[in-house]
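So you can see what is in the structure, the chains are spelled out below.
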Amino acid sequence: MTQPIKGFSKLSKEQKIAWIGENYTENVQNTKDILRQYWNNDPKLQQLHDEFIENTISNYYLPFGIAPNFLINERIYAIPMAIEESSVVAAASKAAKFWLDRGGFKAEVIGTEKVGQVHFIYTGNSENLFRFIGKIRPSFYAEAKSITEKMEARGGGISSIEIKDKTDLLPNYYQLHCTFETLDAMGANFINSCLEQFATTLKAKADRDGFLKEGEKLEIVMSILSNYVPNCLVRAEVSCLVSDLSLDTTIPPEKCAEKIVQAVGIANVEPHRAVTHNKGIMNGVDAVILATGNDFRAVEAGVHAFAAKDGGYKSLTNASIEDGVFRFWIEIPLALGTVGGLTSLHPMVQLAHEVLQYPSAKQLMEIVAVAGLAQNFAALSSLVTTGIQEGHMKMHLLNILNQMKATKEEKTTLVSYFKNNTATHSAVVEALDKLRENL
Ligand code: MEV
């Protein structure tokens, strides 16, 4: 059994690779070759990537694709997407094209409120605590001034600081529930710095101002932003005459519209379906978030909590048919940034922002929401008509052929063959075998 290692982080990159290769892989040379293959030729660029995280031994590539023709609020975007799953970029592009001819997407930001909390324990009288917080509230703002000054100059800052009694949930548990406006920054560092300062102020004031009575205690447990941001919300929508919803030549548009509404209805009452339905939405959302250097884990966590906000896990999209008009929309919480973090460091991220014409955080929220809506529209359009496998397997075809080390000529022949044949995994293997036998 491999023994634990001390001081791994202090080893050089070569030493780390050698250790991993020797202890965890069959073929050390092969391990070294693979890892080196993905190093950047430019040592400066490699160093930049090395320093994003700790113990970097190589780079992990994801394809970076473009879904063009997105008409959003009267402007045409080409949306960069970083994702490994075949079909996602194709589906987004197809949905973009479909809605381009039907007025495009309309999107609007409903709110930009970010949240953070100081969680603490207080064993005294709740009313005294509320009075005390009211008295010292100006100090929270004053003592955080050096952190908030620049943000305030740009129009953002601390929006509110509220004391909440949570003792019915957990003995002696209180929190400062704080909201922030962080403008074009995602704001995690800003919020966490403010919160830690609030905690310091609270503790110091409680200890020094004679607030605590004999035997009472006030202890900070932790200070951290919340990724649940239901008021950092964006809405995106498409609509057209039901008669224009011609998804498939074999199914009348009225039937397509009706089935999409039914599909959304099912996702609203059936969590097994809702999770997959929303996963499809996140295919689009995450791909743009990754390409633009935002934190997809934060968004994922917040989005799924939002989908469950009414007590059951539901669809993030909605669909309706009224007076002959089909409407399809999404409301989704997205805490995004277009300045700071990776946006100023990663050349591919910078390029993604340039391709999007340097959006503000609000514009990026709109673009991301549209990508999610488009993805869901594409998925539902296939699901309620031909089924998902037809398009999926066509896209997956190249992956299967690559796995089987098909040559360029073999790929061309088989891609053409599967234009008119059903591309299941076994059918692809069989067709390739046949092609090779016939040579
Ligand atoms: C696959 O990545 C996503 C879908 O399953 C989404 C859906 O079912 O709505 C196609």
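Just so we're clear, the structure is a prediction, and the values are computed from it rather than from any experiment.

## Points about the sheet that holds strand β3 (residues 106-109)
And then number 1: Read from one edge of the open sheet, four strands run β3-β8-β10-β9, paired in antiparallel fashion. Since the sheet does not close on itself, it has two edges, and those belong to β3 and β9 (317-322), each with one partner. Strand-to-strand twist of the sheet, defined as the mean angle between neighbouring strand axes without regard to direction, takes the value 15 degrees.
And then number 2: Bridging between strand β8 (residues 233-241) and strand β10 (residues 325-333) involves nine bridges; their strand directions are antiparallel. Paired with Val-238 across the strands is Phe-328, a residue of β10.
And then number 3: In the packing of helix α8 (residues 253-269) onto the sheet, contacts are made with β9 and β10, and the angle to β9 comes to roughly 140 degrees.
And then number 4: Seen against the sheet, helix α12 (residues 361-383) touches β3, β8, β9 and β10 and runs at an angle of roughly 130 degrees to β10.

## What to know about the site of the ligand
And then number 1: Taken together, Glu-85, Arg-273, Thr-276, His-277, Lys-279, Gly-280, Asn-283, Ala-379, Leu-383 and Ile-388 form the complete shell of residues around the ligand.
And then number 2: A distance of 2.6 Å separates an oxygen atom of the ligand from a polar side-chain atom of Glu-85.
And then number 3: In the model, an oxygen atom of the ligand is placed 2.7 Å from a nitrogen or oxygen of the Lys-279 side chain.
And then number 4: In isolation the ligand offers 300 Å² of accessible surface; the protein chains occlude 87% of this area.
And then number 5: In terms of residues, the shell around the ligand owes the most to one element, helix α9 (residues 271-291), which gives six residues.
And then number 6: In terms of residue class, the shell around the ligand is made up of three nonpolar, four polar and three charged.

## Digging into a nonpolar patch on the surface
And then number 1: On the surface, Ile-34, Tyr-38 and Tyr-61 cluster together into a nonpolar patch covering about 310 Å² of accessible area.
And then number 2: Here Tyr-61 is to be found in the loop between α3 (43-50) and β1 (64-72).

## Some remarks on the side chain of His-177
And then number 1: Here His-177 lies in strand β6 (residues 173-181).
And then number 2: One polar contact links His-177 to Gln-117, side chain to side chain, over a distance of 3.1 Å.
And then number 3: Residue contacts for His-177: discarding those within four places in its chain leaves Val-115, Gly-116, Gln-117, Ser-160, Ile-161, Glu-162 and Lys-164.

## Some details on unusual backbone geometry
And then number 1: For Asn-55, which is not glycine, the phi dihedral falls at a positive 55 degrees.
And then number 2: Backbone geometry places Glu-74, a non-glycine residue, at a positive phi of 70 degrees.
And then number 3: Within the secondary structure, Glu-74 sits in the loop between β1 and β2 (75-82).
And then number 4: A relative accessible area of 62% places Glu-74 in the exposed class.

## Quick look at empty space enclosed by the protein
And then number 1: A complete count under the given rule lists one cavity of 30 Å³ or more for this structure.
And then number 2: Estimates place the volume of the largest cavity at around 90 Å³.
And then number 3: Lining the largest cavity are 14 residues, and of these Met-186, Asn-227, Val-229, Ala-298 and Ala-335 sit closest to its centre.
And then number 4: The dominant element in the lining of the largest cavity, judged by the number of residues it contributes, is helix α10 (residues 296-307), at three residues.
And then number 5: The residue makeup of the lining of the largest cavity, split by class, is 10 nonpolar, three polar and one charged.
And then number 6: Looking at which domains feed residues into the lining of the largest cavity, each of domain 2 (64-110 + 235-386) and domain 3 (114-226) supplies at least three.

## Side note on the domain arrangement of the chain
And then number 1: We note that the domain assignment places domain 1 (8-50), domain 2 (64-110 + 235-386), domain 3 (114-226) and domain 4 (392-437) within the chain.
And then number 2: Taking only C-alpha atoms into account, the centre of domain 3 sits 60 Å from that of domain 4.

## Regarding α10
And then number 1: In this model α10 runs 16 Å from its N-terminal to its C-terminal C-alpha over 12 residues, within 8% of the 16 Å that 1.5 Å per residue would give.
And then number 2: For α10, every residue scored as buried is listed here: Ala-298, Val-299, Glu-300, Gly-302, Val-303, Phe-306 and Ala-307.
And then number 3: On its buried side, α10 packs onto β8, α9 and β10.
And then number 4: The distance from a side-chain oxygen at the start of α10 to the backbone nitrogen of Arg-297 is 3.0 Å, and the residue carrying that oxygen is Asp-295.

## Brief notes about the sheet that holds strand β4 (residues 114-122)
And then number 1: Strand order in the open sheet formed by four strands is β5-β6-β4-β7, with antiparallel pairing between adjacent strands. The sheet is open, and its two borders are formed by β5 (157-165) and β7 (218-226), each paired with just one other strand. Strand-to-strand twist of the sheet, defined as the mean angle between neighbouring strand axes without regard to direction, takes the value 15 degrees.
And then number 2: Strand direction decides the pairing type here: β4 and β6, joined by eight bridges, are antiparallel. If you follow Gly-116 over to β6, its bridge partner there is Cys-178.
And then number 3: Against the sheet, helix α5 (residues 126-143) touches β4, β5, β6 and β7, its axis set at about 165 degrees to β5.
And then number 4: Sheet strands in contact with helix α7 (residues 188-208) are β4, β5, β6 and β7, and its direction is about 165 degrees off that of β7.

## Focus on the packing of aromatic side chains
And then number 1: Counted by the stated rule, this structure contains 17 aromatic pairs.
And then number 2: Here the aromatic rings of Phe-120 and Tyr-174 are separated by 6.1 Å at their centres, their planes lie at 25 degrees, and the arrangement is stacked. Here Tyr-174 lies in strand β6 and Phe-120 lies in strand β4, a separation of 54 residues in the sequence. Judged on exposure class, the residue Phe-120 and its partner Tyr-174 are both buried.

Definitions and cut-offs
Residues numbered from 1 in each chain as written. Predicted model: local features only at pLDDT ≥ 70, side-chain atom pairs only at ≥ 80, totals over all residues. Heavy atoms only, no water. Pairing = 2+ DSSP bridges. Helix = DSSP H or I, 4+ residues; strand = E, 2+ residues; numbered from the N terminus. Axes fitted to C-alpha atoms, helices over the stretch in contact; angles between N-to-C directions. Contact = heavy atoms within 4.5 Å. Near = heavy atom within 4 Å. Polar contact = N/O pair within 3.5 Å; in protein donor to acceptor, adjacent residues only side chain to side chain. Areas by Shrake-Rupley, 256 points an atom, 1.4 Å probe, with all protein chains shown as cover. Nonpolar A, V, L, I, M, F, W, Y, C, P; charged D, E, K, R; others polar. Patch = residues over 30% accessible without salt bridge, like charges linked within 9 Å, V, L, I, M, F, W, Y side chains within 5 Å. Salt bridge = Lys/Arg side-chain N within 4 Å of Asp/Glu carboxyl O. Buried < 20%, exposed > 50% of the residue type's maximum accessible area, 1.4 Å probe, protein only. 1 Å grid on protein atoms, 1.4 Å probe; cavity = no way out; pocket = protein on both sides within 12 Å on 5 of 7 lines; lining within 4 Å. Points joined across faces, edges and corners; volume = space filled by probe spheres on them. Domains from an automatic or database assignment. Expected span 1.5 Å × (residues − 1). Phe/Tyr/Trp six-rings, centres within 6.5 Å; stacked < 30°, edge-to-face > 60°.

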